[in-house]
Amino acid sequence: MSAIKNTEFLARTKLVTGSGSVKFLADELKKDNYRKILIITDKGIAGSGILDNIQAILKPLDIETEIYDDVKPNPSVTATDGAYETYKDNQIEALIAVGGGSVIDFAKALSVLLANGGSIADYFGFDLYEDTPTPLFAIPTTVGTGSEGGHAGVITVDNEALKTKKLFFGEDLFPKVAFLDGDLLTGMPGALVASTGMDALTHAIEGYVSKNGSVITDALNLHAVRVIGTAILEAYSNTDNEEAMNNMVQASTSTGIGMANGGLGLVHGISHAIGAQYDAPHGIVNAILLPYVLEYNWVANPHKFAQIAEALRVNTWGLSVEDAAKAGVQRVRELTRETGIPEKLSAIGVQEDKIDVLTDIAFADELYMAPNPRKVTREDIYNILKEAIN
Ligand SMILES: [Fe+2]
């Protein structure tokens, strides 16, 4: 008898896609007659010319605009609560997030706080706010977050003794509109394509083998594996390749909708522990961990891992399902090398003296342990970390 689960599927963000699509931001904003908006971004984007482009689009609209450009990677409770204090009396009617996952998640946190007050720590969990969050428009400038298509935000808890990452979810937290503009993404650093693109591949693979997936999330995730497997190399090696950037950002958003509905797994469980403890870049940590975790996970679902191998264009002709699954893991390992990602966590400063605390944080994170295809023990996580660190 097959196990048929009951699941919900939510996808509420309007996606405007293709090169130049960001110009439609004006039309979308006009529909709701906003009088005052806040742009959320980081210093890198603020200095890159992308922000000038957005401001030129907004100029004819006669909307009062403020800019917050101080989002840091792995945004914290202190940072989001601080921004709320700054803007709470400013009558902000909508937010525009221009950036990667940190920026979009930060903006989601602010959208909850502007409507409900308090601290973002009050909202860790599902649908814990009373009032509908302030509308959010998302313009991703990386190719990996997926947050533009989902209803979750990740925030580092920096005000407790143990630094961890926690998530808040809400059915109204899907951005209202996301603009997936490959032209806007051209010229980004190749290393950023690599780290954020490997994050997207991690979402796609973890989502595809998640125990909470469905036929619908499988479709969103497996095709994303197929697209990213090729486009990541094209985009990484030539960041002017507009078509590759469009493919990457659409595949990344596809997995974002997938993970909003089917969850992720052990890579994200461990990487959130590392991200919180070391303030380490999310995409790179995932990319390093991915082959180690897949090597551990494939035995739990060889058929699906064999399909991942095929999606990555591994020649599986004549191979057993098990050998095909292993060949897929090997292909992922090669992809990390081909995109210039280090093979060990020690290369980004992770050290063995924190292995116990990292293991404990990851093992306690039910959000990621539960959907993982292989039933995880504390010892398994410890061993994976030991292998991946040095
Ligand atoms: Fe991720």
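Residues numbered from 1 in each chain as written. Predicted model: local features only at pLDDT ≥ 70, side-chain atom pairs only at ≥ 80, totals over all residues. Heavy atoms only, no water.

(A) Inspection of the coordination of the iron ion at higher detail. Around the iron ion, the protein contributes the donor atoms Asp199 (OD), His203 (NE2), His268 (NE2) and His282 (NE2), at 2.1 to 2.3 Å from the metal centre. Around the iron ion, the 4 donor atoms are arranged such that angles at the metal cover 83 to 169 degrees; this shape is classified as irregular. Mapped onto the sequence, the residues coordinating the iron ion show the spacing D-x3-H-x64-H-x13-H. Residue His203 is located in helix H7 (residues 190-209), and its partner His268 is located in helix H10 (residues 266-278); the two are separated by 65 residues in the primary sequence. (Donors = N, O, S within 2.8 Å, 3.2 Å for Na, K, Ca; no water. Tetrahedral: all angles 85-135°; square planar, octahedral: opposite > 155°, others 65-115°. Helix = DSSP H or I, 4+ residues; strand = E, 2+ residues; numbered from the N terminus.)

(B) Region of the structure containing helix H12 (residues 302-311). For H12, the tally of buried residues reaches 7 of 10 residues, placing the bulk of the element in the interior. Of all the positions in H12, only Pro302, Lys304, Phe305, Ala306, Ile308, Ala309 and Ala311 are classed as buried. Buried residues along H12 sit in contact with H7, helix H8 (215-237), helix H11 (282-297) and helix H13 (321-338). (Buried < 20%, exposed > 50% of the residue type's maximum accessible area, 1.4 Å probe, protein only. Contact = heavy atoms within 4.5 Å.)

(C) Region of interest: the sheet that holds strand E3 (residues 64-68). Taken in spatial order, the 6 strands of this open sheet run E1-E9-E6-E4-E2-E3, and their pairing is parallel. Each edge of the open sheet carries a strand with a single partner, namely strand E1 (14-17) and E3. Each neighbouring strand pair of the sheet contributes to a mean axis angle of 20 degrees, computed without reference to strand direction. Looking at chain direction, strand E4 (residues 94-99) and strand E6 (residues 136-140) are connected through 5 bridges and run parallel. Its bridge partner lying in E6, Leu95 is registered against Leu136. Along the sheet face, helix H3 (residues 50-58) touches strand E2 (36-40), E3, E4 and E6 and points at about 165 degrees away from the line of E2. Contacting E1, E6 and strand E9 (177-180), helix H9 (residues 242-262) runs over the sheet at an angle of about 150 degrees to E9. (Pairing = 2+ DSSP bridges. Axes fitted to C-alpha atoms, helices over the stretch in contact; angles between N-to-C directions.)

(D) Up close: the pattern of salt bridges. Counting across every chain of the model gives 21 salt bridges. Linking Asp69 and Lys43 is a salt bridge whose minimum nitrogen-to-oxygen distance equals 2.8 Å. Separated by 26 residues along the polypeptide, Asp69 in the loop between E3 and helix H4 (77-87) and Lys43 in helix H2 (residues 43-46) bring together distant segments of the chain. Here Lys72 makes a salt bridge to Asp70, at a shortest N to O gap of 2.9 Å. One salt-bridge network, in which partners are shared between bridges, spans Lys43, Asp69, Asp70 and Lys72. (Salt bridge = Lys/Arg side-chain N within 4 Å of Asp/Glu carboxyl O.)

(E) Looking closely at the nonpolar core. With 102 residues, the main nonpolar core has Ile40, Ile120, Ile270, Ile274 and Leu345 as its most contacted residues. Among the domains, domain 1 (14-184) and domain 2 (189-389) are the pair contributing at least three residues each to this core. Of all hydrophobic cores here, the second largest spans 24 residues; its members include Leu25, Ala26, Val98 and Phe179. (Core = buried A, V, L, I, M, F, W, Y, C linked by side-chain atoms within 4.5 Å. Domains from an automatic or database assignment.)

(F) Just the packing of aromatic side chains, in detail. According to the stated counting rule, one finds 4 aromatic pairs in the structure shown. Measuring from centroid to centroid gives 6.0 Å for Tyr68 and Tyr87, while their planes differ by 85 degrees, and the two rings are edge-to-face. Here Tyr87 lies in helix H4 and Tyr68 lies in strand E3, a separation of 19 residues in the sequence. Seen in terms of ring centroids, Tyr68 and Phe106 are 5.2 Å apart; in terms of plane orientation they differ by 15 degrees. Their pairing is stacked. Here Tyr68, found in strand E3, pairs with Phe106, found in helix H5 (residues 101-116); they are 38 residues apart in sequence, far enough to count as distant. The exposure class of Tyr68 is buried, given its relative accessible area of 14%. (Phe/Tyr/Trp six-rings, centres within 6.5 Å; stacked < 30°, edge-to-face > 60°.)

(G) Here's a closer look at the domain arrangement of the protein chain. Annotation of the protein chain at the domain level lists domain 1 (14-184) and domain 2 (189-389). Taking only C-alpha atoms into account, the centre of domain 1 sits 25 Å from that of domain 2. Contacts between domain 1 and domain 2 engage 29 residues on the former and 30 residues on the latter. Overall, the association of domain 1 and domain 2 removes approximately 2200 Å² of surface from exposure, summing both partners, and the carbon and sulfur fraction of that is 62%. Mapped onto the side of domain 1 that touches domain 2, the elements with two or more residues apiece are E1, strand E7 (152-157), strand E8 (164-169) and helix H6 (182-185). When residues of the side of domain 1 that touches domain 2 are assigned to their parent elements, the largest contribution, 4 residues, is made by E8. The residue makeup of the side of domain 1 that touches domain 2, split by class, is 10 nonpolar, 14 polar and 5 charged. (Buried area = accessible area lost by both parts, 1.4 Å probe. Nonpolar A, V, L, I, M, F, W, Y, C, P; charged D, E, K, R; others polar.)

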